[in-house]
Amino acid sequence: MIFVGEGALLWRAVQHTLDSGLPVDLVCGPAASSPPASARPDVPVLAVTDINAVAGELVAACTDGVVWSLNNRMIFRAPVLSTGLRVLNVHHGPLPAYRGLPEVALVYAILRGEREFAATLHQVDAGIDTGPTLAAAPYPIGPHEPYHAVLRRGTQACHRLFERCLPRVAADPAWTGEPGRTATTTAGDGYFGREALAGLRRYRDHPSFARATDLGFLAGFLPELTAALRH
């Protein structure tokens, strides 16, 4: 298995895979996202800014044909998707209603009064968060909960979803998913990218704006969202 992404969510998944006795062939991510001190020194790491530029290296390294994408901002294109590797992405957000940047989509979900959000596992295709859904892990949003509390719960849901699905994928790399895999939430429907980030200024007077943008201790980990809110 190959892992692509960055941050604690990625490395927790890598460690869980190793603890499960499964192979980690390669970990790819931005150069600035170095492995934690607790990471196993024998795990190969490749610093990349464009995952599609190393498609050949992925094929050569992968022993089971599976690539996991966790907390990954790089977009897979034809160089990787045409290799025959199966790319599975753990997305923080119910699909297809909340595609795009999870941290932005969650702000809109709170503004729209959602009472449930979800982590979703899907197979990556040529679109952005448009591939077939394999599993979902819904979780509640309390009516008065600030953004940072909800996002923390969502990160935990993403990791639990990975733990749940890992043995199924390991047993069958072509696994087609769980029954009832679509999350039920959804007042929203669409793609939440940088345009949606810039559009948050229109909601300054929304009664839930303060709660939906209370980043708390996470502000330092969400630089784009923090900068947008400052302006």
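Residues numbered from 1 in each chain as written. Predicted model: local features only at pLDDT ≥ 70, side-chain atom pairs only at ≥ 80, totals over all residues. Heavy atoms only, no water.

Chemist: Help me understand unusual backbone geometry in this model?
Modeler: Peptide bonds are, in most cases, trans, and in most cases residues other than glycine have a negative phi. With omega at 10°, the peptide bond leading from Leu95 into Pro96 counts as cis. For Pro96, the position within the fold is in the loop between strand 5 (86-92) and strand 6 (98-100). Although it is not a glycine, Asn71 adopts a positive phi angle of roughly 50°. Mapped onto the secondary structure, Asn71 falls in the loop between strand 4 (66-70) and helix 3 (78-81). We classify Asn71 as partly exposed; its relative accessible area is 38%. Despite not being glycine, Asp129 shows a phi value in the positive range, around 60°. Tracing the backbone through its elements, the reader meets Asp129 in the loop between strand 7 (116-123) and strand 8 (133-140). For Asp129, a relative accessible area of 11% gives the class buried. (Helix = DSSP H or I, 4+ residues; strand = E, 2+ residues; numbered from the N terminus. Buried < 20%, exposed > 50% of the residue type's maximum accessible area, 1.4 Å probe, protein only.)

Chemist: What am I meant to see in the pattern of salt bridges here?
Modeler: Any two side chains of opposite charge can pair, so long as their charged atoms come close to each other. One pass over the full model with this rule turns up six salt bridges. Notably, a salt bridge pairs Glu178 with Arg168, separated by 2.3 Å at the nearest N-O pair. A residue pair is termed long-range when its members are at least 10 positions apart, and Glu178 in the loop between helix 5 (147-171) and strand 9 (190-192) and Arg168 in helix 5 qualify at 10 residues. Overall, the relative accessible area of 34% leaves Arg168 in the partly exposed class. Several salt bridges share partner residues, and in doing so they unite Arg73, Glu103, Arg194 and Glu224 into one network. (Salt bridge = Lys/Arg side-chain N within 4 Å of Asp/Glu carboxyl O.)

Chemist: Is there a simple way to think about the packing of aromatic side chains in this case?
Modeler: In this description, a pair of aromatic rings is defined by centroid distance and the angle of the planes. Counted under the stated rule, the structure contains seven aromatic pairs. Geometrically, the ring pair formed by Tyr98 and Phe117 is edge-to-face, given 5.3 Å between the ring centres and 65° between the ring planes. Placement of Tyr98 in strand 6 and of Phe117 in strand 7 is noted, with a sequence separation of 19 residues between them. Overall, Phe117 belongs to the buried group, its relative accessible area being 0%. Here the aromatic rings of Phe117 and Tyr139 are separated by 6.4 Å at their centres, their planes lie at 80°, and the arrangement is edge-to-face. Note that Phe117 is positioned in strand 7 and Tyr139 in strand 8, a separation of 22 residues in sequence. Taken together through their ring pairs, the aromatic side chains of Tyr98, Tyr108, Phe117, Tyr139, Phe192 and Tyr203 make up a single cluster. (Phe/Tyr/Trp six-rings, centres within 6.5 Å; stacked < 30°, edge-to-face > 60°.)

Chemist: Quick question: what am I supposed to make of the layout of surface pockets here?
Modeler: Approximately 1400 Å³ is the volume found for the largest pocket. Asn71, Asn72, Arg73, Pro102 and Glu103 are, among the 44 residues lining the largest pocket, the residues nearest its centre. At the level of elements, helix 1 (7-19), strand 4, strand 5, helix 4 (102-111), helix 5 and helix 8 (223-230) are the ones that each hand at least two residues to the lining of the largest pocket. With six residues, helix 5 is the single largest residue contributor to the lining of the largest pocket. (1 Å grid on protein atoms, 1.4 Å probe; cavity = no way out; pocket = protein on both sides within 12 Å on 5 of 7 lines; lining within 4 Å. Points joined across faces, edges and corners; volume = space filled by probe spheres on them.)

Chemist: Got a minute to help me understand the environment of Ala13 in this structure?
Modeler: Considering the arrangement of structural elements, one finds Ala13 in helix 1. Its relative accessible area of 0% is what places Ala13 among the buried residues. If near-sequence neighbours (up to four positions away) are discounted, Ala13 is found in contact with Phe3, Leu70, His159 and Phe162. (Contact = heavy atoms within 4.5 Å.)

Read these as layout, nothing more, since geometry by itself doesn't imply function.
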